[in-house]
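Results of the structural survey
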Amino acid sequence: MDSRSFQPHHCVRRWPEGAVVYQIYPRSFQDSNGDGIGDLIGIRQRLNYLEALGVSAIWISPFYPSPMVDFGYDVSDYCNVDPIFGTLDDFRMLLAEVQGRGMRLIIDFVPNHTSVEHEWFKVSASSLDNEYADWYIWKDPHPDSSPEKPSPPNNWLDALTGRSAWEWNTVRKQYYLHSFHKAQPDLNWKNREVRRAMHDAMRFWLDLGVDGFRIDAVYWLAKDPSFRDDPLNPEYVEGIHSFYDRLQHTNSSGWPALYAYLAEMAEILADDAYRKRQPFMITEAYPDQHNPVEAYMAFYEGVNPEVAAPFNFEGLSLPWQAASWRDFLRSFHDALADQDPCCLASYAFGNHDKPRIASRFGDTIARSAAVMQLTLPGMICMYYGEELGMTNGGIPPHKVRDPGAIGEPGTIGRDPMRTPMQWTTETFTGFSTTAPWLPVTATSSTRNVQVESGDEKSFLSLYTHLIKLRKTYPCLSYGTITVLDTQYSDILAYLRTFEDRSCLVVINFGPKEISCDFPFTLDQELASSISVMPASNPANAVVVLAPYESKVFVVSPK
Ligand code: GLC
Ligand code: CA
């Protein structure tokens, strides 16, 4: 390929390009006042750590005022901070300090639903005729039901508990829709006033100086306007899948208007008032696994890619197999390159809703996954504790807090991935001076920042090294990706190229040692998932990988 003629597009100079975004679940990162719950001052106390780790940005999960039924994803005021987490001034100070250190700060934005405690809902629910009457999705009972025994208007399910998504209101004598918990009524996005109010909330935070948003649960913003039933899911297996999976959610979510709603939000970010700071938004939507590339492309096509990208969740769902990744990376990055030079990939391999990587894959593969994630194009979103190899915590039944697990007994829910950050070998891991809101994990005495920073082969050393490489080598942050053909079925190899420099990433997905050669000169070995720093520079053109190992090289044409 003739990469010399390549002229970097202006989008390459956006901050998200090549960025490493660190997701903080604020309840669980650092408690500053001894109540067992993390807070904004706590985050500020740990900025030295994040700066040393080398991350470019922080995304903080919701800290808005909230009754905390879904731990902040039930918002009762979009323009303030919950006292549990601190004050708006604490937020201002945090933002100033993050940006003062050259990092960016993005916040979670939850447009699909409010809390039942939000003033808008309280008024909306109080009568059939009020200023906010049409701000939520109210429906009469099913026409076949009797007035004494009303039944829900359709079969839609709540994604948190898998029960009916409709809740009866005795004042309006109507049902309201809640695509998540019944404490999270869906806003009516068809209503322009609602959209305007949400845009104002975005402006409020942009005016304070935030660098963008992670936009929650966007598929639910638009549903079938005639509220038809969702079809049954033919692949549902009782006892294996969650209740929610009984149906396919093709009418209750994912209708095309959602792209128009997101495009309106993107316009705000692209507004002259803010565009100099390049605010950016990442949208949360888990694609239909039958054709994820198509699902991702719908966002790039529908929402200005200069200021927005959908999360790429393949790291959470694709099997750890060379062939799956080869196929996916080729088709996805070809589609992106075809679409628009501003389209930015945004890879997350973990978050506060999904099992942790180290628990899904085991340590050896989790380390290889780190090499892969941190050498992929675009923006990388890592979840707090991933850099320590944190595992899912064991949550005894009486300590379960997640509304999903409470609503669907027997499921593990999301508490295991939300346990306190592991800082030290102390009883409460340096997270708090009292028992934290969720118990610390069993491995916290060895997997913590204190122990791992003194071990040059630890997860923490691996992540720190990889993040540094990503920053040092423009090909790793800005380069194009070319997936190579190899004769080894368990090997995934790709080149990242920017101007005249290329890095080669080779990943062994199999349980056997493999020696493979490539049509390049290996100039320098940069990293190994096992030994972190290479023992020596390569003497010849053969790449030798231990089982499940991955390596990164600087290469040049032979
Ligand atoms: C998103 C959040 C999840 C929350 C849900 C409802 O999926 O990541 O934690 O429960 O939306 O807001
Ligand atoms: Ca606290």
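Analysis parameters
- Just so you know, the residues in each chain are numbered from 1, in the order the chain's sequence is written.
- To read the labels, note that chains go from A and ligands from 1, taken in the order they are written.
- At least 70 in pLDDT is required for a residue's local features to be given in this predicted model, at least 80 for side-chain atom pairs to be given and counted, and no such filter applies to totals for whole chains, interfaces and linings, which use all residues.
- Just so you know, side-chain values use all the structure's heavy atoms and leave hydrogens and water out.
- Numbering of helices and strands runs from the N terminus; a helix is a DSSP stretch of H or I covering at least four residues, while a strand is a stretch of E covering at least two.
- The size measure is the radius of gyration over C-alpha atoms, and the globule rule it meets is 2.2 Å times the number of residues to the 0.38 power.
- In this scheme, a residue with accessible area under 20% of its type's maximum is buried, one over 50% is exposed, and one in between is partly exposed, where area comes from a 1.4 Å probe on protein chains only.
- Whether two residues are in contact is decided by their heavy atoms, any of which lying within 4.5 Å being enough.
- Only the protein chains shown count as covering a residue, and every accessible area follows the Shrake-Rupley method with a 1.4 Å probe.
- Positive charges are assigned to Lys and Arg, negative charges to Asp and Glu, while His and the chain termini are left out of the count.
- Note on charges: their place is set at NZ of Lys, CZ of Arg, CG of Asp or CD of Glu.
- What a helix is expected to span follows from its residue count: subtract one and scale by 1.5 Å.
- Each residue is tested against the molecule or strand, and it is near if at least one of its non-hydrogen atoms lies within 4 Å.
- A 3.5 Å cut-off defines polar contacts: any pair of N or O atoms within that distance qualifies, except that in protein one atom must be a possible hydrogen donor and the other a possible acceptor, and neighbouring residues in sequence count only when both atoms are side-chain atoms.
- Whether two strands pair depends on DSSP finding at least two bridges between them.
- An axis is simply a line fitted to the C-alpha atoms; with a helix, the fit covers only the stretch in contact. Between two such axes, the angle follows the N-to-C directions and lies from 0 to 180 degrees.
- The donor set comprises N, O and S atoms within 2.8 Å of the metal, extended to 3.2 Å for Na, K and Ca; water molecules are omitted, so apparent gaps in a site may simply reflect that omission.
- When describing relative orientation, an angle under 35 degrees is termed roughly parallel and one over 145 degrees roughly antiparallel, while 65 to 115 degrees is termed roughly perpendicular and anything else oblique.
- It is the rotation of the near helix from the far one that decides the hand of a crossing: anticlockwise by less than a right angle makes it left-handed, clockwise makes it right-handed.
- Classes in brief: Ala, Val, Leu, Ile, Met, Phe, Trp, Tyr, Cys and Pro nonpolar; Asp, Glu, Lys and Arg charged; the others, Gly included, polar.

It is worth spelling out the overall build of the protein chain at this point. In terms of regular secondary structure, the protein chain is built from 16 helices and 18 strands. For a compact globule of 558 residues, the expected C-alpha radius of gyration is about 24 Å, and the protein chain comes in at 24 Å, within 12% of that figure. With respect to the three principal axes, the spread of C-alpha positions in the protein chain is 80 × 50 × 50 Å. Within the protein chain, the fraction of its 558 residues that count as buried is 60%. The contacts of the protein chain with a sequence gap of at least 6 include a subset with a gap of at least 24, amounting to 70%. A total accessible area of about 21,900 Å² is found for the protein chain, and carbon and sulfur atoms account for 51% of it. Treating the 48 positive side-chain charges of the protein chain as one cloud and the 70 negative ones as another, the clouds have centres 2 Å apart.

To continue, consider helix α10 (residues 322-339). For α10, which comprises 18 residues, the first-to-last C-alpha distance of 26 Å matches the rise-based estimate of 26 Å (1.5 Å per residue) to within 8%. Buried within α10 are the following residues: Ala-322, Ser-324, Trp-325, Arg-326, Phe-328, Leu-329, Phe-332, His-333, Ala-335 and Leu-336. Turning to α10, the residues buried within the fold contact α8 (292-302), α9 (314-317), β10 (346-348), α12 (363-374), β12 (480-483) and β13 (491-498).

A separate point is the site of ligand 1. For ligand 1, the set of nearby residues contains 13 residues, the closest of which are Asp-70, His-113, Asp-216, His-352 and Asp-353. The contact in question runs from an oxygen atom of ligand 1 to an N or O atom on the side chain of Glu-284, over 2.9 Å. With respect to ligand 1, the side chain of Arg-414 contributes an N or O atom lying 2.9 Å from an oxygen atom. When ligand 1 sits alone it has 310 Å² of accessible area, and the protein chains cover 95% of it.

Turning our attention to the sheet that holds strand β8 (residues 280-283). Ordered in space as β9-β8-β7-β3-β2-β1-β11-β10, the eight strands form an open sheet in which the pairing is parallel. In the strand order of this sheet, the two ends are held by β9 (308-310) and β10, each with one partner. On average, each strand axis in the sheet is tilted by 25° relative to the strand beside it, whichever way the strands run. Bridge count between β10 and strand β11 (residues 379-383): three bridges; the pairing is parallel. What sits directly across from Ser-346, in β11, is Met-379. Lying over the sheet, α12 contacts β1 (20-24), β10 and β11, oriented at roughly 150° with respect to β11.

Of all eight residues that make up strand β14 (residues 501-508), seven are buried, and the element is covered over most of its length. Across eight bridges, the pairing between β13 and β14 is antiparallel. Note on β14: the bridge partner recorded for Leu-492 is Ile-507. Counted along the chain from β13 to the antiparallel partner β14, the turn is two residues long, and its residue Glu-499 has a positive phi close to 50°. Examined bridge by bridge, β14 and strand β18 (residues 550-557) share six bridges and lie antiparallel to one another. Directly across from Ser-502, in β18, lies its bridge partner Val-555.

Take helix α5 (residues 192-208) next. In this model α5 runs 24 Å from its N-terminal to its C-terminal C-alpha over 17 residues, within 8% of the 24 Å that 1.5 Å per residue would give. Those residues of α5 that sit buried are Val-194, Arg-195, Ala-197, Met-198, His-199, Ala-201, Met-202, Trp-205 and Leu-206. Looking at the buried residues of α5, the elements they touch are α3 (88-100), β3 (104-109), α4 (119-124), β7 (212-215), α6 (257-270) and α7 (272-275). Downstream of α5 by one or two residues, Gly-209 has phi in the positive range, about 115°.

With five of its six residues buried, β3 lies for the most part within the structure. As judged from the four bridges shared by strand β2 (residues 57-60) and β3, these two strands associate in the parallel manner. Bridged to Ile-58 within β3 is Leu-105. Sheet topology places β3 next to β7; three bridges connect them, and they run parallel. Of the residues in β7, the one forming a bridge with Ile-107 is Phe-213.

Attention shifts here to the coordination of the calcium ion (ligand 2). Taken together, the protein donors to the calcium ion (ligand 2) comprise Asp-31 (OD), Asn-33 (OD1), Asp-35 (OD), Ile-37 (O) and Asp-39 (OD), at separations of 2.3 to 2.4 Å. Sequence spacing of the donor residues for the calcium ion (ligand 2), all on one chain, is D-x1-N-x1-D-x1-I-x1-D. By the burial criterion, Ile-37 is buried, and Asp-39 matches it.

Here we take up the packing of α8 against α10. Across the interface, α8 lies against α10 with an axial gap of 10 Å and an inter-helix angle of 20°. Overall, the two elements α8 and α10 adopt an arrangement that is roughly parallel. Judged by the sense of rotation from one axis to the other, the crossing of α8 with α10 is right-handed. Listed contacts from α10 to Val-293, Tyr-296, Met-297, Tyr-300 and Glu-301 of α8 are Phe-328, Ser-331, Phe-332, Ala-335, Leu-336 and Gln-339. Residue classes in the contact of α8 with α10 are distributed as eight nonpolar, two polar and one charged.

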